[in-house]
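Residue-level structure breakdown
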Amino acid sequence: MSNIELKKVEITSNFWNRYRKLIVDEVLPYQWQVMNDEANISIAEDPQNNGQDKKSHAIANLKIAAGDISGHHYGFPFQDTDVYKWLEAAAYSFSYTQNPDLKKITDEVVNLISKAQDSDGYLSTYFQIDAPERKFKRLQQSHELYSMGHYIEAGVAYFEQTGNEEALNIAKKMADCIDRNFGDENGKIPGYDGHPEIELALVRLFEVTNNDKYFKLAEYFINKRGTDPNFFQDQIAKDGESPQRDLIAGMRDFDLNYYLASEPIYKQKKPKGHAVRAVYLCTGMAKVARYNGNQSLLNVCNQFWNDIVKRQMYITGNIGQTATGEAFTYDYDLPNDTNYGETCASVGMVYFAKKMLDLQAKGEYADIIEKELFNGALSGMALDGKHFFYVNPLEANPDDSKNNPGKSHILTHRADWFGCACCPANLSRLITSLDQYLYTVTKDSILSHQFISNVATFENSIMINQTSNFPWNGNIHYSIVNPKKVKFRIGIRVPSWSADFSINVNGTVQKSRVIDGFIYFDVVDSTMSIDLTLDMEVKFMQSNNRVRSNFGKVAIQRGPLVYTAEEVDNGSKLWTQIIKKNAKVTVEFDSKLLGGVNVINIDSIKPILDDAESNLYHDMARSNILETTGILKLIPYYSWANRGNGEMSVWLNKQ
């Protein structure tokens, strides 16, 4: 298959175009106000409990560094990244919405960033403003390379979407600065950032510039990580041992596993520590392995992938079980009411999965992209685009969050903003770049792996038009136009949740073998039609019985969507609800509910609560449990907490 390169994807899905329009109309303007300290926001209930007040100051920090205003830096050392991820999201939005007013603002932001950048390419406003003598001196905590990595991603995206050379030049100057300062040569720093990100960013810069220096630098940071267990501590000793010298309080309390730096990356068998760090590093490793063919590095990616997906991932795709360090814990430890499941980690899993799919044509990677898009990541934003989840639990109770310190990080309503505001802009840049996650072109096939309606154009005038009402309906139609009769294969994913399916090609039913999650067809004629019908029956899902938290419980899934029960529909004390054996299940679309969703109704029973004066414990043999019967109403997980503050539960008791 020669010269078949993906040129453009236009998303036509009603479901996703609502969100893509929401980002442009509401989210980006709102986030711009927040970053300029013009929005009336409250971050008092920030699950980070970081003591930040109502301002972001992210734009002001850049203006101070640029010399436009005076003042001190405010916020975290990585506060600049709020601007960079916002800029990246805006850049992608220009691929489907021309917005001259937004374009004027983004051009001005690029000019401001250019002005704030030091002449040698360095840019991290905290150090430029308040601690210039400490540049690159405390990399365990400083996030300098992390911050510049996020700009490099934004600068590349902005250049690709608008042709703005200045945006790309800023990125190249940054990377050149990093290259001059890091390495094993005399006078350079033989280390890496405590938070991976620069690795994947440098490969993106290599892809657009074809400058091998940037790729080699990405390789260096990956290969160097964990080789010197004393690197961070030696830096701290030289920079100052006093806790007052720390850039982020408490960061020294975590061991090297938290930073994925306890040993060289090739010896690491599973992700430990901070979940976002892990998936960002995995994304960078997969990108590097794609270009240099390093099988050992790919083996590490596979090991990390298998441990995350098969032993440490929630049914919604969320990862990172504990609030202590936003981190992984151990295999099969998946508590629902204390889990962290940071939105950024779900977004990062999409990045990791896509890069693994670029390396290996396996449907399991696309399954996770889908799981995150429709569940774990999407739940991070309210339907109004102005409220957000940092933490994404699978069980929540306002009383627990208020009265149990161990669950104080669990919010039962989305917040205006966060002092550590990584998640809102991260989700925005994912949604505006969604067109990049629907197809993968291999050496002999076009893989269509997401059922999001679109029109895709390729080289040689090939066009694929996919239409459906997914995720509410499982009938997927492909119309392929191939006027030059180029011979190629199309691979269509069969989701793991659809064991039963049917396929029809040009009006004829086909029996097709599934190969690593895909079914393949040769395209030789000028036109071709394919109809895929997926199994959209309601599924009662259960965990591996090693997962203690879910033992004896079920979760409800239909198609790619995980469903949940909310107090607003079913009353309080959701833990007393029991799904009846052989329960009747109905599905109905409610166009007026939550922007239009399929609702699942299931027969249930609910014990009547004991009298408040009853004994705390009593003999079961003498108990007389009274029950009521009713209907348990379930909505898609991503849409919970849009109708008030109340209980929620994904995993439910079964009779």
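In this report, the structure presented in the accompanying data block is examined.

A word on the packing of helix 4 (residues 100-116) against helix 8 (residues 165-181)
- For the pair helix 4 and helix 8, the least separation of the axes is 10 Å and the interaxial angle reads 30°. Relative to helix 8, helix 4 is oriented roughly parallel. In terms of crossing hand, the pair formed by helix 4 and helix 8 is left-handed. Two secondary-structure elements touch here, helix 4 through Val110, Asn111, Ile113 and Ser114 and helix 8 through Glu166, Ala167 and Ile170.
- Residues of the contact of helix 4 with helix 8, tallied by class, amount to four nonpolar, two polar and one charged.

Quick look at the packing of aromatic side chains
- Taken as a whole and judged by the stated rule, the model has 40 aromatic pairs.
- The interplanar angle of 75° and the centroid separation of 6.0 Å between the aromatic rings of Tyr340 and Tyr390 together place this pair among those described as edge-to-face. With Tyr340 in the loop between helix 13 (295-311) and helix 14 (343-359) and Tyr390 in the loop between helix 15 (363-376) and strand 2 (395-396), this pair connects stretches of sequence that are 50 residues apart.
- Classification of Tyr340 by relative accessible area gives buried; the value is 3%.
- Following the ring pairs from residue to residue traces out a cluster consisting of Phe15, Trp16, Tyr19, Phe374, Phe451, Phe470, Trp472, Trp497, Phe589 and Tyr638.
- The ring centre of Tyr19 lies 5.0 Å from the NZ or CZ of Arg18, which sits over that ring.
- Its guanidinium or amino end placed over the ring of Tyr74, Lys55 lies 4.6 Å from that ring's centre, counting from NZ or CZ.

Regarding the sheet that holds strand 11 (residues 518-523)
- In space, the four strands of this open sheet follow the order 3-4-8-11, with mixed pairing throughout. Each edge of the sheet is formed by a strand with only one pairing partner; in this case those strands are strand 3 (439-441) and strand 11. Between one strand axis and the next, the sheet turns through 20° on average, direction left out of account.
- Note: strand 8 (residues 488-493) against strand 11, six bridges, orientation antiparallel. Across the sheet, the residue bridging to Ile490 is Phe521, located in strand 11.

Quick word on the side chain of Glu647
- Mapped onto the elements, Glu647 comes out in the loop between strand 19 (627-636) and strand 20 (648-649).
- A distance of 3.0 Å separates a polar side-chain atom of Glu647 from the backbone nitrogen of Lys573.
- If near-sequence neighbours (up to four positions away) are discounted, Glu647 is found in contact with Ala396, Asn397, Pro398, Ala565, Glu566, Glu567, Ser572, Lys573, Leu574 and Trp575.

Side note on the environment of Glu263
- With respect to the helices and strands, Glu263 occurs in the loop between helix 11 (231-239) and helix 12 (275-292).
- Among the residues examined, Glu263 registers a relative accessible area of 30% and is labelled partly exposed.
- Sequence separation between Glu263 and Val585 is 322 residues, and the spatial gap between their C-alpha atoms is 51 Å.
- If sequence neighbours within four positions are ignored, Glu263 has contacts with Arg225, Gly226 and Gln268.

Some details on the pattern of salt bridges
- The full count for this structure, using the stated rule, is 39 salt bridges.
- One salt bridge in this structure joins Asp435 and Arg20, with 3.8 Å as the shortest N-O distance. With a gap of 415 residues between them, Asp435 in the loop between helix 17 (422-432) and strand 3 and Arg20 in helix 1 (residues 14-35) connect regions that are remote in the sequence. Each member of the pair, Asp435 as well as Arg20, is classed as buried.
- Where Arg493 meets Asp367, a salt bridge forms, and the shortest distance between an N and an O atom there is 2.6 Å. With Arg493 in strand 8 and Asp367 in helix 15, this residue pair connects regions lying 126 residues apart in the sequence. When sorted by exposure, Arg493 lands in the same class as Asp367, which is buried.
- If you follow the salt bridges from partner to partner, you end up with Arg134, Arg138, Asp239, Glu241, Arg245, Asp246 and Arg252 in one network.

Considerations on the side chain of Asp239
- Residue placement: Asp239 occurs in helix 11.
- A polar side-chain atom of Asp239 sits 2.6 Å from a polar atom in the side chain of Arg138.

Re helix 12
- In a regular helix each residue adds 1.5 Å, so 18 residues correspond to 26 Å; helix 12 covers 26 Å between its end C-alpha atoms and thus fits that length.
- Within helix 12, 15 of the 18 residues are buried, leaving the element largely enclosed by the surrounding structure.
- Positioned one or two residues after helix 12, Gly293 has a phi angle of 65°, which is positive.

The rules we used
Sequence order as written defines the numbering, with residues in each chain counted from 1. Where totals are concerned, whole chains, interfaces and linings use all residues; where local detail is concerned, this predicted model gives features only for residues with pLDDT of at least 70, and gives and counts side-chain atom pairs only at 80 or more. In computing side-chain values, all of the structure's heavy atoms are included and hydrogens and water are not. Simply put, an axis is a line fit to the C-alpha atoms, just over the touching stretch for a helix, and the angle between two N-to-C directions goes from 0 to 180 degrees. Secondary structure follows DSSP: runs of H or I at least 4 residues long count as helices, runs of E at least 2 residues long count as strands, and numbering of each begins at the N terminus. The scheme is simple: roughly parallel for angles under 35 degrees, roughly antiparallel for over 145, roughly perpendicular for 65 to 115, oblique for anything else. By definition, any crossing whose near helix is turned counterclockwise from its far helix by less than a right angle is left-handed, and any crossing with a clockwise turn is right-handed. Residues are treated as being in contact if the distance between any of their heavy atoms lies within 4.5 Å. Amino acids outside the nonpolar list (Ala, Val, Leu, Ile, Met, Phe, Trp, Tyr, Cys, Pro) and the charged list (Asp, Glu, Lys, Arg) are all regarded as polar, and Gly is one of them. Any two of the Phe, Tyr and Trp rings considered here, Trp counted by its six-membered ring, make a pair once their centres fall within 6.5 Å; the pair's planes then place it as stacked at under 30 degrees, edge-to-face at over 60, or tilted in between. Under the scheme applied here, a residue whose accessible area is under 20% of the maximum for its type counts as buried, over 50% as exposed, and between as partly exposed, the area being computed with a 1.4 Å probe on protein chains only. When the NZ atom of lysine or the CZ atom of arginine is within 6 Å of a ring's centre and also within 35 degrees of its normal, the charge is said to sit over that ring. DSSP calls a pair of strands paired once it identifies at least 2 bridges connecting them. Within 3.5 Å is the distance limit for a polar contact, defined as a pair of N or O atoms, with the added protein rule that one can donate a hydrogen and the other accept it, and that residues adjacent in sequence qualify only through two side-chain atoms. The salt bridge definition used is simple: a Lys or Arg side-chain nitrogen within 4 Å of an Asp or Glu carboxyl oxygen. Helices are assigned an expected span. That span is 1.5 Å times one less than the residue count.

The values are spatial; any link to function lies outside them.
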